[in-house]
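Reading the structure
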Amino acid sequence: MSKSITLDQPDQRNLLDRMAQGTIGKPVNRLEGPDKVSGVATYAAEFSAPGAANGVLVTSTISKGEVALIDEASVMGMPGVLAVISDQRMIARPAQGGAGEAPVQQVKQIDYWGQPVAVVVAETFEQARDAAKRLKITYNADDMSDVVLNPEDADSWEEGPGTETVEQGALPQAMSEAAYSVDATYTTEGHNSAPMEPHAALAEWDGTKLTVHASLQMLNYNIDELADSMGLDAENVHLLSPYVGGGFGSKLGISPDVAAASVAAMQLGRPVRVVLSRQQVFQSVIRRTETTQRVRLAADADGRLQGFGHEAKVTNLPEEEFAEPVTQASAFLYPGQDRVLKVEMGRIHRMTAGSVRAPGEAVGMQALEAAMDELAEESGIGPVELRLRNIPERHPSDDVPYSSRRLAECLKAGAEAFGWDDKDRKPAQRREGEWWIGTGMATAARIHNLSKAEASVTLMEDGTAVVATDMTDIGTGTYTILGQIAGEMLGLEPSDVLVRLGDSDLARGPGSGGSWGAASSGSAVQIACEAIREELCDMLGCEDEDLTLKDGFAIHNNKRQSLPELLNGRSIEKLGKLKPGETEDDFAQASYGAFFTEVAVNAYTGETRIRRMSGAFGIGRVLNEKTAKSQCMGGMVWCIGSALMEDMMFDHRDGHLANCDLAEYHVPVNRDVPHLDVIMVEERDPAASPLQAKGVGELGICGGAGAICNAIYNACGVRLRSFPMTPDKLIDHLPEI
Amino acid sequence: MRPFDYQRPDGLDHAALLERDGGALIAGGTNLLDLMKLQVETPDTLVDINRIGLDELEPTDDGGIRIGALVSNSVCAADPRIRADWPVLSRAILSGASGQLRNKATTGGNLCQRTRCYYFMNIDMPCNKREPGTGCSALNGRNRIHAVLGANENCIATYPGDMAVAMYALDATVEIAGPDKASRSVKIRDFHRLPGDMPQRDNVLEPGEVITGVTLPAPVGGTQLYRKVRERSSYAFALVSIAAVIRMEEGAISHASLAFGSMAHKPWHDPRIDAALTGAKPSDALFDKVADLLLENAEGYGENDFKIPLARRTVKAVLREATGAST
Ligand SMILES: Cc1cc2nc3c(=O)[nH]c(=O)nc-3n(C[C@H](O)[C@H](O)[C@H](O)COP(=O)(O)OP(=O)(O)OC[C@H]3O[C@@H](n4cnc5c(N)ncnc54)[C@H](O)[C@@H]3O)c2cc1C
Ligand code: SF4
């Protein structure tokens, strides 16, 4: 019934290239696209449940202390109000990605401004919202002079949980002996995930079983998080997330709406829907930490790195075990035997810091690549050439080989497509009217993650197939690529493959996060299809090499038989199981690429506009050219956001977030995004996954903001080391006008 | 959002308008509804004025144009007469918000849009504008977008809009109908207020008054520019903006009218600036003088200090472009 593969050795079989259907890699349109644009696709809050009540969260207006009194009477008499709930099963913080257990729950113990403290439930959403605003809550606030709200006030710095400290050789000495060196400190501001669809949940309770429609990325873990929070057995929790309107990390773990709706449904015995307001998405879920990063680069006369240091300071709430792994790519990207890598964490009272869009590399790479540009200038070596000279043979600390790494090809292909001039790098040379024009580049790197995954595939008696897993599609194209993989393996067009996702009753996948979805779930689908092919071979009495499946026909021994004919009324269901294995430790695995951009900086105002941007990326096998490119483009758009505008603005006096909607927290709009050129550098990586594919989703955001930083310098001669690079930071440094 | 009554008069002389006490007018709703959801505004009654007419642009006897209060921002910006004769207005409107918002937003509503001060929009924060006497949270808080001109410790909020800035440069007049059918008109330059000791009042509208339209005087020609500075190139409010109407004759400036946005509690107009420019030959020294006049009493509150050099540099950019001096 099932087939399992553990990736202890590179999977050299390269099954997909051997198949005949020819759908893999093709730019197939997203299968669920028409449903989404026509409004047929149903998101969590849009499901209906007869008799559903509506809950609205009430969040704290202090940063530290406790709830003294919730005056329920202040709202219980209002029309439609059913309950004010401040149950200890509610969650005060979202679960971290992959936690698989309840997050911090004491909602009456306040640790940050915006923490959920209660949910008000009423017949209608409007009644609940009004009552939630009117609910009187008395707090015992801690003495604010004792409460650490800002990173600069953190009183101690511990090693970031889950991060790896490297101290190798003698970096200070390497710095003093270096022919060229850079020692620079960069800062980045906090980022919000800013998904289009706010977090939402509709919970139903039948006395035994809890069913929740929610907007979640990783059902496999979310089941346990919710069950643990509610004190239920995991078997009695059923989650449904067929469509997710973006998550960007903020929906990896369960969010407060999910727990609040569940508690309310269990208490009231009727379905309850809770949707976060846009402000609550900003204030009550997850932030990416701000960072301070010191980068030290020590190069010899040829520009080869002998010493390398990347040390970061990040923050989170007390007790949280997530530290932004800022130096993740720094561990393997560049050489330098004298090495220091470190992430230190301070504890502050702002909302939970967690995974937001490529945690680690998104901010780490932009600082590192800005520093590399400073080294290029210092040494007089072209930025591309400098990077080409610094591609290590083996992992500089772990001494293992790299799996696939077409970094040099990406650098060259990107430079070529962009028309990059590596020699003439003198800044502030080109002016068009009011605008300084400049170019910049950066390397892209993001670790490759593979996760345990299961998927079931059924070859139906009519010759179509059904793929089923609790994997989610958060707008990335999962439905489509899983259909393509099954189609390729079974000789079907993707339109003949029904893909069912986002239902926790289905085979357990890893969910969407860390760019592991396609390689992991896709491999499980491939493995299930292998098992189906084996059974077909048994029926035909042949070996797999001799079986061709194409266009719904089985061909072997010069005989062509339609699948329904062959199946003769049967269907074949198989479960595919993938387990990561020793290749994880035997190889350094990552996706790589390069960004090139041209920017214009207004000589008067310091406004920066991106004129064009190219990216060349090596992501292993490209499963679908269109969805892969779209992922890269999306990443490049976030690079623009991170470089030029995204900034969670906290009030330093009380720790609340000042800009908490999409009008005031700026993400790029159409006009900020010029033509983006994406080049896919094809490769196969047998160590990364049986599909020979690597992660793609997050790669496009890892480094591009550094390219923009470098281009700003090249344009106007101002080196900013503080992201985002807004006009207020540039204005005092611009040349006189 | 609090429960409210809803009325929809079909003309200006309808009782709902005439005998109105309290309640709020709703036009496009693009600002009011957001603030109601946040409970910054909690009107008992909404009086929907979308059916009272006043949705046309008509020529006036003296060669100007009257823009009805309910003319949408999109319609106004696209009107061929506005585009030809008062292009600064078209440009200013098109630089604001988004296509969808401009389709709903109206002339009257745009003039009355409220500040984007973060603390004003958060009912859990003290704010003199929202709740007089509670204090100004922005003064020592996050004030990157706040005023550098005409502010005081009571309130450092800005009027954030664009359309009105162009109307200031064009010396428009606001027409107002009162509850007793009386009507009056106010020069737009006197319509918005500085905070003084009543920061809760954005403008001079009295309770029960309705804006019926805005008239623009006859066209003055010249070069008309609207320059809006912001880090996000669209769908963002200005950090600083300038509306400029400059006519040149024989190498000298024969007409000048400048207005400045997002720098104060109202669009900023200083007659001394127009006077200094009029009749003068363009030069960097002249432009510096304009910036000096504009900024002589400018005061930053920390994060918004940059607006002062930014305004100085933007003045230069705009005047060089408008007078044809080289950039
Ligand atoms: C995300 C976002 C971005 C934006 N960006 C910009 C921008 O870049 N530049 C810009 O200029 N604006 C911007 N705006 C603001 C937008 O221009 C205003 O919301 C709009 O102009 C208000 O017009 P309305 O008709 O919708 O007003 P409403 O919301 O209906 O009303 C606003 C106020 O005006 C009052 N009012 C309405 N009509 C009258 C009348 N005839 N007489 C008396 N009082 C009246 C109402 O009572 C209310 O107090 C933005 C808005 C949003 C939501
Ligand atoms: S600046 Fe004005 S609107 Fe903002 S907090 Fe102060 S008083 Fe309120």
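Residues numbered from 1 in each chain as written. Chains lettered and ligands numbered in written order. Predicted model: local features only at pLDDT ≥ 70, side-chain atom pairs only at ≥ 80, totals over all residues. Heavy atoms only, no water.

1. Some details on the overall build of chain B
Each helix and strand in chain B was counted, giving 11 helices and 11 strands. In terms of C-alpha radius of gyration, chain B reaches 20 Å, essentially the compact-globule figure of 20 Å for 327 residues. For chain B, the proportion of its 327 residues judged to be buried stands at 59%. Placing the 37 positive and 41 negative side-chain charges of chain B at their respective mean positions leaves the two points 6 Å apart. (Helix = DSSP H or I, 4+ residues; strand = E, 2+ residues; numbered from the N terminus. Rg over C-alpha atoms; globule rule 2.2 N^0.38 Å. Buried < 20%, exposed > 50% of the residue type's maximum accessible area, 1.4 Å probe, protein only. Lys, Arg positive; Asp, Glu negative; His and termini not counted. Charge placed at Lys NZ, Arg CZ, Asp CG, Glu CD.)

2. Topic: the site of ligand 1
Taken together, 32 residues lie around ligand 1, and B:L25, B:G29, B:T30, B:T106 and B:D162 are the ones closest in. Mapping the residues near ligand 1 onto chains gives chains A and B. With respect to ligand 1, the backbone of B:L25 contributes an N or O atom lying 2.6 Å from an oxygen atom. Here B:T30 contributes a side-chain N or O atom positioned 2.7 Å from an oxygen atom of ligand 1. Contact with the protein chains removes 94% of the 980 Å² of surface that ligand 1 exposes when unbound. (Near = heavy atom within 4 Å. Polar contact = N/O pair within 3.5 Å; in protein donor to acceptor, adjacent residues only side chain to side chain. Areas by Shrake-Rupley, 256 points an atom, 1.4 Å probe, with all protein chains shown as cover.)

3. Comments concerning the packing of helix α16 (residues 625–644) of chain A against helix α17 (residues 704–716) of chain A
Residues and elements named next belong to chain A. Taken N-terminus to C-terminus, the directions of α16 and α17 make an angle of 55°; their axes are 8 Å apart at the nearest point. Compared by their axis directions, α16 and α17 come out oblique. Between α16 and α17 lies a crossing whose hand is right-handed. Within the contact between the two elements, α16 uses C639, I640, S642, A643 and L644 and α17 uses G704, A705, I708 and I712. Taken together, the residues of the contact of α16 with α17 break down into 7 nonpolar, 2 polar and no charged. (Axes fitted to C-alpha atoms, helices over the stretch in contact; angles between N-to-C directions. Parallel < 35°, antiparallel > 145°, perpendicular 65-115°, else oblique. Left-handed = near helix turned anticlockwise from the far one by under 90°. Contact = heavy atoms within 4.5 Å. Nonpolar A, V, L, I, M, F, W, Y, C, P; charged D, E, K, R; others polar.)

4. What about the interface of chain B and chain A?
At the junction of the two partners, chain B supplies 41 residues and chain A supplies 44 residues. Of the roughly 3,800 Å² buried where chain B meets chain A, counting both sides, 52% is carbon and sulfur surface. At the surface where chain B touches chain A, the tally comes to 4 salt bridges. Here chain B and chain A share 17 residue pairs in polar contact (both at pLDDT 80 or more) between them. The element contributing the most residues to the side of chain B that touches chain A is helix α11 (residues 307–323) of chain B, with 8 residues. Considering only residue class, the side of chain B that touches chain A consists of 16 nonpolar, 9 polar and 16 charged. (Buried area = accessible area lost by both parts, 1.4 Å probe. Salt bridge = Lys/Arg side-chain N within 4 Å of Asp/Glu carboxyl O.)

5. Points about the pairing of strand β2 (residues 53–59) of chain A
On a regular strand, one side chain projects to one face of the sheet and the next to the other, so that they alternate. Residues and elements named next belong to chain A. Across the 7 residues of β2, 7 count as buried, placing the element largely inside the fold. Of the two faces of β2, the one lined by A53, G55, L57 and T59 and the one lined by N54, V56 and V58 are each fully buried. Sheet topology places β2 next to strand β6 (residues 116–122); 6 bridges connect them, and they run antiparallel. Looking at β6, one finds that G55 is bridged to V121. (Pairing = 2+ DSSP bridges.)

6. Section: helix α13 (residues 517–540) of chain A
Taking 1.5 Å of rise per residue, 24 residues should cover 34 Å, and α13(A) covers 34 Å from first to last C-alpha, within 8% of that figure. Positive backbone phi, at 65°, marks A:G541, one or two positions downstream of α13(A). (Expected span 1.5 Å × (residues − 1).)

7. Brief notes about the sheet that holds strand β5 (residues 65–68) of chain B
Residue and element names in this part refer to chain B. Overall, antiparallel pairing links the 5 strands, which are arranged β4-β5-β8-β6-β7 in an open sheet. The two strands at the open ends of the sheet, each matched to only one other strand, are β4 (57–59) and β7 (183–187). With direction set aside, neighbouring strand axes in the sheet form an average angle of 25°. Bridge analysis of strand β6 (residues 173–177) against strand β8 (residues 210–216) gives 5 bridges, and the strand direction is antiparallel.

8. Remarks on the site of ligand 2
In the vicinity of ligand 2, 14 residues are found, and the nearest of them are B:C117, B:C127, B:C136, B:C155 and B:I156. For the shell around ligand 2, the class distribution of residues is 9 nonpolar, 4 polar and 1 charged.

9. Notes on the domain arrangement of chain B
Entries for chain B in the domain assignment read domain 1 (5–48) and domain 2 (223–323). For domain 1 of chain B versus domain 2 of chain B, the separation of C-alpha centres amounts to 36 Å. (Domains from an automatic or database assignment.)

10. Quick word on the pattern of salt bridges
As enumerated under the stated definition, the model contains 75 salt bridges over all chains in all. Measuring nitrogen to oxygen at the nearest pair gives 2.7 Å for the salt bridge that ties A:E434 to B:R227. Of the two residues, A:E434 is situated in the loop between β20 (430–432) and β21 (435–447) and B:R227 in strand β9 (residues 223–229); the pairing between them involves two chains. Take A:E434 and B:R227: they sit in the same class, and that class is buried.

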